[in-house]
Structure formats: C-alpha cells, structure tokens
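# Observations on chain architecture
Here are the chains, one letter per residue:
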Amino acid sequence: MPLISLSRFDGPLVERDAEVARLEQAVRSLRSGRGSVLEIVGDPGMGKTSLLAALAAMVAESGARLARGHAIRGDAVPGQIFRNAWEAQPDSTLNPASARGLASAWAAEPGGAVLLDDVQWCDRTSVDIAVHLVRNPVPGPFLLALAHRPRQTSPALLEALDDGIRAGTVLRVVVPPLTPDTMAELADRWTGGPAAHAASAASATSAAEAPEPGPALPDLTAQDEPHDRRLGDAAGGSPRNLRILLAAGWDPVLWPFRAGGDPGGLLREAAALTAELEFLSPEAGAVLRGAAILGDPFRPEDVVEVCDLPADRVLAALGELTHADLVRPRDRGEFAFRDPVLGHVAHEHCSLAEQSVGHRRALDLRARRETAAAPLARHAEHLLGTDSGTAAPILARAAAEVVARDPAAAAHWSGLALDHTPHGGQARAEVEILCARAMIAVGRLDEARALVHQVLGQVSELPWQIALRAYGAAADVERLLCRYPEAEAIAATALGLLPAPGEGGALPLEAVTMIYEYALVQTLGGDHIQARAMIRKAVDTETDLAGPAARATGPTRPTGPARPPHPTEVAIRCLAVCQDAYLGDVDVAVKEARSCAAAVDALADPHAGQAPEMFATLGIAEFYLEHFDDASRHLRRGLKVASGGTQLHVVLHQLLGLAVVDLFTGRLETITQWAGQAGQLAAAVGSQEGIGLAKAVRASAMIWTRGRRDEREILALAESAIADVESHHSWWALSALGVAAQVQLLGGDPEGALRTMLERADGQDVAAAQPALEPSLKALMALAAVRCGDLPAARRWTEVAETAAARLALPGQTASAVRARAALHLAEGRPDLAVDRFEQAVDRFTRAGFPIQRAWTQTMAAPAVEAAHGPEAALVWLDAASTTADALGASWVREDAARARAEPATGRGEVKPPRPDDDGPLGMLSDREREIAALAAAGLRSREIAQRLFLSPRTVEAHLGRVYRRLGVSSRGELPRIIGGRSDS
C-alpha cells in the first residue's frame with residue numbers, strides 16, 4: 001500500500017532546509033550507485049511523513065525504483081511492512097536471511113529506494129528484517145529510509161541504528177519542532193491568510209501610513225505577539241497539532257483549558273491520534289480519559305479518585321500509557337500528556353457522562369486543597385447546565401481573582417457566570433460590573449458600556465459601595481471612548497454619593513477609587529488644574545488603604561510595623577506627581593517622583609497589576625522631569641505587568657509613552673515600532689486621539705530618519721494626525737499637535753507649524769496649554785516665525801519661552817529657549833551673540849540627553865559660526881553634527897550638514913538680517929515675502945523656489961498669495977514690472 005497521501009504535502013516544506021539537504025545527499029548517493037540507510041526520527045506530528053513525501057518525489061525524479069510501506073499497528077502478518085513495499089515477492093521468500101538478496105536484485109538496475117513509515121509499530125519479523133538490512137547494508141544503488149518515533153521503537157532496531165551512525169553507514173535526520181515564525185507561516189498557508197485580528201488591525205492603517213520595518217522589539221506584551229505565533233506556541237511546533245487546533249477553532253481566551261470552540265472539528269482532524277487510543281486496554285483508556293479531565297500535570301492519586309479505580313490498577317495503566325508514549329513522567333511523582341493537544345483530544349474522546357462525573361469529582365478534589373477559585377474554574381465550566389448553582393459562583397470568584405492579570409479569562413468566566421445567574425439583585429450586579437471591567441481591559445468597550453449601563457439602570461437599589469463601582473466602570477469606559485463630558489458627568493454623580501469621612505477623616509477604598517477615576521477623566525480631558533485639586537485632596541486625606549507609615553505620626557497613632565501601601569494608594573500618588581510635573585511644579589514633582597518610584601519598585605508584579613496605570617502616569621511624570629531612563633524603565637515594566645491581555649488602554653498609554661521618550665532621546669530605531677503598535681492598538685480599542693498621537697510620533701521619527709526624500713508623504717501623515725485630534729481638547733490631542741508642528745517645521749512648512757500651534761486646537765495656544773513643555777513649544781513657534789520672516793513674533797515667543805524655562809529650570813527645556821534666542825540673533829544680523837547662545841544650547845541639550853536636538857542645533861549654528869569665526873570653525877560644528885547623525889541614523893541632520901558644507905553662508909535658506917524698507921512697494925513685504933517674490937520675478941516656479949529655500953510648495957504659494965494682495969497684482973507675470981526681475985538669492 002502507498003505510504004504517503006500526496007494531498008498532505010502542501011507545497012514547499014518550511015524551515016526544513018537542513019533536513020531536505022540530508023535527503024538530497026542520500027539521493028545523490030543513490031544516483032552514483034552507492035547504497036545507504038537513512039533514518040528520519042522525531043516526535044509524533046513533527047513532519048516525518050512530509051519529509052518522506054519529499055524524498056519520494058526526489059527518488060522518482062532520479063529515475064530509481066520506488067517502494068513505500070507503512071507499518072500498521074496490530075497487524076499480525078510477519079514482515080507486513082516489507083510485504084507492502086514488495087507486493088510481488090512470495091511470502092515464503094521474505095525473511096531476514098533473504099531480504100538483503102531480494103533488495104539487491106530489486107534495485108540492481110536502475111537503483112531503488114524503500115521508504116518505510118511508522119517503523120515503531122512493525123511486527124517482530126519486520127523488525128528483524130530492518131535490523132539485518134541496517135547491520136548488513138545492501139551493496140549497490142539501494143536506499144532504505146526508516147521514519148520512526150524513538151520512544152516507541154524496538155530496542156534492537158534502535159541499537160542497530162546507533163551502531164550504524166557510529167560506523168558511518170546510517171545517515172540520521174532529526175526532525176525538530178518548528179519555530180513560532182514557521183508555525184505562523186503554516187497557519188497562514190492553511191487558513192488562506194493571516195489571522196483575522198491581525199488583518200483588522202492592519203486595515204486601520206493605510207498602506208501609505210504603514211509602519212516601516214525595524215528591529216525586533218522585546219516580547220513584553222501578549223498583545224505584541226501575533227495571533228498565529230501564539231497558536232504555534234500552543235501547538236508545540238508540531239504541524240499536525242497545528243492542523244488539529246485550527247480545526248478546533250483555537251481561541252487564546254479558552255487555551256489552555258480548552259482547545260477551541262469546535263470539539264467535533266478537533267476530533268475529525270485528530271483521527272490519527274484517536275486511532276492510537278483504540279489500541280489501549282479498557283483500564284488504560286479510562287485512566288487516560290480521567291487524566292485528561294484533571295489536566296496537565298496530574299498525579300496518580302488524583303486519577304484514582306476521578307476514575308474510582310484501585311491505585312495498583314491505575315499505576316499499571318500508567319505504565320501502559322507511558323510505554324505507548326501517550327503520557328510521560330515528570331518530577332515530584334507527576335505525569336503529563338505527551339503534548340497538550342493530545343490531552344484535549346483525550347478529553348473530547350470522553351463521553352458526556354464521563355466528563356460530567358469526572359469534572360464533579362475533580363472539582364470536589366481540588367476544592368478540598370485550594371482556597372482560590374481560579375484552579376476550579378476549568379471543572380466548574382463543565383458543570384454548567386447540570387449544576388449551575390455550584391458552578392456559576394465559582395466562575396464569578398475565579399474571574400475576580402484573575403481580572404488584573406488575565407482579563408480575557410475573566411471576561412470569559414464572568415460571562416458564563418452571568419448566563420447562569422438570576423436577573424436582578426446585588427449578586428448579579430457585582431458579576432455584571434466585574435464582567436464590564438474585564439471587557440474594558442481587553443478592549444471590548446461597546447459591550448462593556450452596554451453592560452454597565454444595565455447596572456446603572458438599577459443603581460438606586462444597590463448599596464453605595466456597589467453603586468460607586470458601577471459608576472467608576474461607566475466613567476472608565478466613557479473616558480476610553482473619548483467621551484469626556486459623559487465620563488465627567490458620571491464621575492461627578494458618583495462623587496455625590498460619597499459618604500462623609502469617618503472619624504479621623506479616613507476615606508474608604510470605593511471613595512479613593514472614584515476620586516482617582518474622576519481625576520483621570522479630568523487629566524485626559526485636558527483640565528489638569530481641576531484634576532490636580534481633586535487628586536491632591538485624596539492624597540492629603542488619610543485613607544483606609546494607607547499603612548501607618550504613610551500617615552502622620554503622633555501620640556495616638558499605631559506603633560506596630562508598617563504594612564506595604566495598597567496599589568491604589570500608590571497609583572493615586574503617581575497620578576498626583578504626574579499632574580505636578582505637567583503643570584510645571586518641578587521642585588515638588590522631583591521629590592514626589594523619587595518617593596513614588598520607590599513605592600512602585602517595591603511592589604510585586606501581581607500587586608502592581610491591580611492598578612497598572614501607575615506605570616504610565618509615573619513614567620510620563622519622569623518624562624516631563626527629563627528623567628528619561630527612569631521613565632523608560634517604568635513604562636517597560638508596565639508593559640511586562642500588563643502582559644496576557646491586561647488593560648489594553650493602559651498598554652496603549654505605555655506604548656505611546658515609550659515612543660515619545662525614545663523620540664526625545666534619539667532612539668530612532670525603536671520609535672516607529674512603538675508608535676506602529678500603539679496605532680494598531682488605538683484602532684482596536686477605538687481611540688481616535690491615540691491614533692492621532694501615534695501618527696504624529698511616527699511622522700516625527702520618519703522626518704528624522706528618512707530626511708527630505710519622503711517629505712511630502714511625511715507631511716501628509718502629520719496632517720492626518722492633526723485632523724484626527726484637532727476637534728478634541730485632551731492631553732493626547734495637545735501632545736499630538738505639538739509633535740506634528742515640529743514635523744511641519746522640519747519639513748519646510750513653518751507657516752503650517754504656526755497654524756497648528758495657534759489655530760488647530762480650536763484656537764487654543766498649544767504651547768500655553770502644556771506648562772511642562774511650554775519652553776520647547778514656544779521656542780518651536782519662535783523658530784517657525786524666524787523662518788517666516790516675522791521677527792517681532794519670534795521675539796515675543798522667545799521671551800515667553802525664556803520665562804517659562806527659567807520657571808522650570810530643566811536643561812532640555814532651557815536649551816530649546818536658548819536656541820530660539822540664538823536663531824533670532826542670527827536673523828537680526830548678530831552672529832557673534834548667536835554663536836554664544838548656540839554653544840549654551842548645545843551644552844544643555846547634551847546634559848539633558850537630547851542628542852538629536854543637539855545635532856540639529858549644531859547644523860543650525862553653522863552660518864553664525866562661519867560669520868563670526870570663519871569656515872573652518874563652522875566645519876568643526878558640522879562634523880560633530882554629522883557624527884551624531886550617523887550614530888543615530890538621523891538622515892535629516894546628515895543632509896542638513898552636507899548642504900551647509902556645500903553652500904556659502906548666504907545661500908543656506910536662512911532668513912537674512914532685516915534691512916530698511918524700500919521706498920517703493922517692496923516696503924509692504926516681509927523679508928521672506930520679498931525673497932520669494934524676487935525668485936518668482938526671476939522666472940522660478942513654485943517648486944523650484946521651494947527647493948531653493950527648503951520650504952514646501954504649499955508654503956511658497958501661500959507667500960505669493962499675500963505678495964499679490966499687498967502689491968495689487970493678479971499673477972506672477974506682473975512681478976518683474978514691480979521688482980525688476982531681481983533675485984536676492
């Protein structure tokens with residue numbers, strides 16, 4: 001009978017290049033007239049059969065004869081596998097003594113290959129024949145290929161093969177598990193494309209805006225792993241297991257407790273595995289099914305109780321199962337299935353009655369040992385419908401235990417509990433709130449909103465503590481949907497329910513949590529002053545959460561040992577320091593940030609996971625304070641704590657925070673990937689402002705790394721980011737506008753940058769609304785004004801930047817203000833003063849850890865240095881900028897430095913010093929307008945002018961429009977008459 005069904009060979013093998021090379025070596029030997037023995041060895045399902053199919057194709061192509069055989073377990077015909085291969089041979093002639101001569105005659109011309117699969121199941125005569133052929137290789141062009149599982153293969157054959165390896169007569173091919181990337185490739189091939197979730201996330205980003213490739217980032221979150229990679233991990237690198245899980249409808253929420261939502265599909269695809277189970281003795285089959293009910297790992301004594309069998313018979317059955325390599329011993333007297341997929345197949349092989357009785361016994365057994373509900377949930381699921389009164393409360397408690405670390409499981413379990421909990425009353429309301437919280441954490445915001453609003457419909461019938469939790473969840477989901485007015489109204493209503501503080505002024509947990517939620521709403525909505533007032537009230541008031549060490553000492557205070565602070569207390573303090581830093585109260589913020597960092601660092605991950613936003617708020621505070629290493633450390637730890645699906649909106653904050661930190665500190669290789677992941681996650685949870693900020697950060701990274709070659713595309717991305725956020729007034733929106741404005745300035749659109757800073761946030765001054773960044777943002781506006789030739793505005797904004805920088809006393813913010821003054825001095829024709837200020841800015845950018853800003857400053861300073869100290873001195877500055885740019889991958893700075901080297905000081909696109917107004921109509925024009933008008937009068941087109949002055953064509957057209965209006969002309973054709981065809985360039 002044929003060995004391989006060619007329909008199982010799905011095209012080219014993946015990640016088997018080394019193995020295929022060994023097969024080709026064997027076929028080359030066959031073609032040259034030499035014989036060999038090829039051993040293909042590996043665990044079940046790893047692809048040994050596929051390799052044999054590839055070998056069969058090679059042999060057929062070589063022109064040699066081909067025979068194939070497949071051992072059938074339980075076949076009592078002596079020499080069965082060889083008889084299948086050599087069907088023409090009489091029974092009497094096939095034995096170990098005659099096999100070598102038969103093989104030699106059969107393969108004499110033009111050579112031949114016998115490929116045998118599942119050799120571990122051979123009958124005794126077939127084993128003896130194989131051993132004889134291995135120990136006595138057939139002379140001439142004869143290839144014998146044996147594929148087998150070494151744990152189940154006859155020891156005699158294993159010994160012969162090992163001896164052949166040492167003698168050099170056997171070529172061994174070990175088939176290892178496939179890597180996660182290869183498993184993902186197979187899943188794509190077999191399902192017709194990538195997982196649905198990946199496709200939907202990718203659709204949120206257009207092809208023109210797709211993140212560019214970059215180095216692999218650490219796998220810090222489960223969200224970062226594609227669905228197919230996680231599926232490949234579940235399959236253990238086995239292609240067959242992958243097929244089974246795909247057929248089962250694998251769901252990461254259900255795994256590892258269930259293989260998927262389609263047990264029938266699982267059993268259909270696992271027919272080869274279930275066939276193995278049919279050969280077990282009745283008691284071994286019962287023990288295997290009982291072990292599957294218990295789940296990996298399991299102990300023999302537990303199997304005794306679940307199967308209701310004597311211990312000696314269970315041990316005998318486990319011996320049989322171990323010999324069949326269905327289960328394997330582990331440490332501490334435990335056993336586990338050969339792989340998890342086999343365990344699920346065995347479980348689905350149980351009858352419904354076996355499952356019901358077995359899971360009831362397993363539940364009772366675990367309940368006697370466990371105080372936690374989560375280990376019981378797997379068994380409780382299987383009692384729904386038969387004993388829901390017992391199962392539903394267990395599932396609800398299990399969901400509450402894991403919601404902070406595994407909200408996907410919590411949403412699943414609480415959803416099942418809701419389906420079997422009577423409507424109305426406090427018990428159902430608590431499960432509904434829990435389920436809503438879990439759904440919020442995994443990004444199912446619309447479902448969470450609908451569920452929590454059901455609770456609010458009966459909130460008057462609930463105790464105030466539960467009512468506050470419902471209002472808190474409702475405010476949370478509205479905030480995450482960027483519905484800030486609704487979130488604020490809900491939070492304010494909840495605050496009105498707070499009871500008066502008890503004796504000593506202590507606030508209960510529900511009150512502190514509600515104040516925290518309200519302050520978060522205010523923060524993200526942009527009202528930081530009110531948010532700080534609220535959060536300070538909670539921090540300054542004693543709470544039931546604080547240990548004695550956190551309270552003021554006094555004669556009436558407890559004197560016992562202090563207990564660690566509650567995570568919510570730490571989180572509210574982190575939010576308070578974030579407000580202090582954002583509003584520019586640097587002295588207070590620096591001191592509090594150190595204290596908060598110590599408290600956060602002391603929390604174990606499971607405790608910190610109860611309030612994971614603390615990492616985002618603390619990291620953002622440290623970013624504002626220019627403690628960038630601390631900010632990166634806390635944001636990265638926050639991603640680790642949030643692994644497994646926890647709090648998608650928190651992960652979004654952390655990803656955006658890391659992108660911005662890397663942007664300021666010049667880690668250009670990672671910014672685009674952080675921002676790309678954030679953009680996909682923002683699309684998944686429906687955060688338009690998150691999408692906008694992610695786009696702005698990506699555009700900023702692109703302008704630095706790609707330079708001017710993709711300027712149009714980058715400016716379009718920045719404009720898209722602005723459009724996403726300009727109708728909002730939140731912290732995210734303001735942050736996105738500030739980042740996008742710098743992209744516009746670098747991209748040659750200074751007027752666009754000023755419009756973004758002054759008009760796009762509904763007329764709000766973007767810089768003034770962000771006290772912590774006001775010096776750098778006002779300085780950006782001043783640079784844009786210099787580029788536009790509006791020196792009075794540049795002076796005004798430079799003075800504001802200097803005042804704000806003096807208030808903050810942070811080196812990076814001060815450097816920005818100093819650089820703006822230097823650029824203004826240069827534009828006013830005072831290069832000596834400009835050089836001094838540029839030197840100060842470079843020094844402060846260095847101390848702040850802003851290498852890319854330092855390099856940009858050095859290129860910007862080159863004209864002043866050349867004017868004050870000569871070309872050689874300017875080249876020193878440009879060389880330093882180029883060195884930094886090369887190290888960072890900052891193409892924009894490198895190009896700017898190269899342009900500065902190639903052009904004289906008067907031709908670098910810098911604004912010329914102001915000159916007295918002409919007596920004629922040119923007196924009505926600014927310096928920039930006069931420069932552009934002169935070039936237009938000389939016959940240059942808008943794009944040529946833009947290239948000459950490093951502006952965008954749109955900016956040139958805007959300038960020309962004003963020139964036409966001020967000079968009273970209708971087109972550029974009239975300009976030579978007024979200007980005289982003169983070019984100032």
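Here the structure is shown first, and the text comes after it.
The rules we used
- Residues numbered from 1 in each chain as written.
- Predicted model: local features only at pLDDT ≥ 70, side-chain atom pairs only at ≥ 80, totals over all residues.
- Heavy atoms only, no water.
- Helix = DSSP H or I, 4+ residues; strand = E, 2+ residues; numbered from the N terminus.
- Buried < 20%, exposed > 50% of the residue type's maximum accessible area, 1.4 Å probe, protein only.
- Contact = heavy atoms within 4.5 Å.
- Areas by Shrake-Rupley, 256 points an atom, 1.4 Å probe, with all protein chains shown as cover.
- Core = buried A, V, L, I, M, F, W, Y, C linked by side-chain atoms within 4.5 Å.
- Phe/Tyr/Trp six-rings, centres within 6.5 Å; stacked < 30°, edge-to-face > 60°.
- Lys NZ or Arg CZ within 6 Å of the ring centre and 35° of its normal.
- Polar contact = N/O pair within 3.5 Å; in protein donor to acceptor, adjacent residues only side chain to side chain.
- Axes fitted to C-alpha atoms, helices over the stretch in contact; angles between N-to-C directions.
- Parallel < 35°, antiparallel > 145°, perpendicular 65-115°, else oblique.
- Left-handed = near helix turned anticlockwise from the far one by under 90°.
- Nonpolar A, V, L, I, M, F, W, Y, C, P; charged D, E, K, R; others polar.

### Looking at the overall build of the protein chain
Regarding its fold elements, the protein chain presents 48 helices and seven strands. Within the span of the protein chain, comprising 985 residues, buried residues form 56% of the whole. For the protein chain, restricting intrachain contacts to residue pairs at least 6 apart in sequence, the fraction spanning at least 24 positions comes to 69%. On the protein chain, roughly 38,800 Å² of surface is accessible, and the fraction owed to carbon and sulfur atoms is 53%.

### Notes on the nonpolar core
With 195 residues, the main nonpolar core has W413, M614, Y624 and W704 as its most contacted residues. Considering every element that reaches this core, the biggest residue donor is helix α36 (residues 731-746), with twelve residues. Beyond its immediate sequence surroundings of up to four residues, W704 is in contact with L663, L668, Q742, L746, I852, Q853, W856, G889, A890, S891, W892 and V893. Residues L231, L280, L342 and A362 belong to the second largest nonpolar core, which totals 48 residues.

### As for the environment of L783
With respect to the helices, strands and loops of the structure, L783 is situated in helix α38 (residues 774-788). Each C-alpha atom, one on L783 and one on P750, is 8.1 Å from the other, the two residues being 33 residues apart in sequence. Beyond its immediate chain neighbours, meaning those up to four positions away, L783 contacts L745, R819, A820, A823, W856 and M860.

### Some thoughts on unusual backbone geometry
Going from W255 to P256, the amide bond is cis rather than trans, its omega being 10°. With respect to the element layout, P256 can be found in the loop between α10 (239-247) and α11 (263-269). Of note, the bond from D296 into P297 is cis; its omega dihedral lies within 30 degrees of zero at -20°. Along the chain, the position of P297 falls in the loop between α13 (282-294) and α14 (300-307). Positive phi values are uncommon outside glycine, yet D308 reaches one of about 55°. Judged by its relative accessible area of 57%, D308 falls in the exposed class. For A809, which is not glycine, the phi torsion reads 55° and is therefore positive. Among the secondary structure elements, A809 is positioned in the loop between α39 (791-808) and α40 (811-827).

### Brief notes about the packing of aromatic side chains
Pairs of aromatic rings are described using the distance from one ring centre to the other and the angle between the two planes. With the rule as written, the count across this model stands at 15 aromatic pairs. Seen in terms of ring centroids, F623 and F664 are 4.9 Å apart; in terms of plane orientation they differ by 90°. Their pairing is edge-to-face. With F623 in helix α30 (residues 613-624) and F664 in helix α32 (residues 648-665), the pair connects residues that are 41 residues apart, well separated along the chain. With a relative accessible area of 8%, F623 lands in the buried category. Linked through ring pairs, Y582, F623, Y624, F628, F664, F845 and F850 together constitute an aromatic cluster. For R796, the ring lying beneath its charged end belongs to W797, and the centroid distance is 5.3 Å.

### So, the environment of D163
Considering the arrangement of structural elements, one finds D163 in helix α6 (residues 155-167). Along the sequence, D163 and R135 sit 28 residues apart, while their C-alpha atoms lie 8.2 Å from each other. Among the polar contacts listed, one links the side chain of D163 to the side chain of R135, at a separation of 3.0 Å.

### Describing the packing of helix α1 (residues 17-31) against helix α2 (residues 48-62)
Running from N to C, α1 and α2 cross one another at 30°; their axes reach a closest spacing of 10 Å. It follows from the interaxial angle that α1 and α2 lie roughly parallel. Seen from above, α1 lies across α2 with right-handed handedness. Across the interface between the two elements, E19, V20, L23, E24, V27 and R31 from α1 touch L51, L55, M58, V59, E61 and S62 from α2. In terms of residue class, the contact of α1 with α2 is built from seven nonpolar, one polar and four charged.

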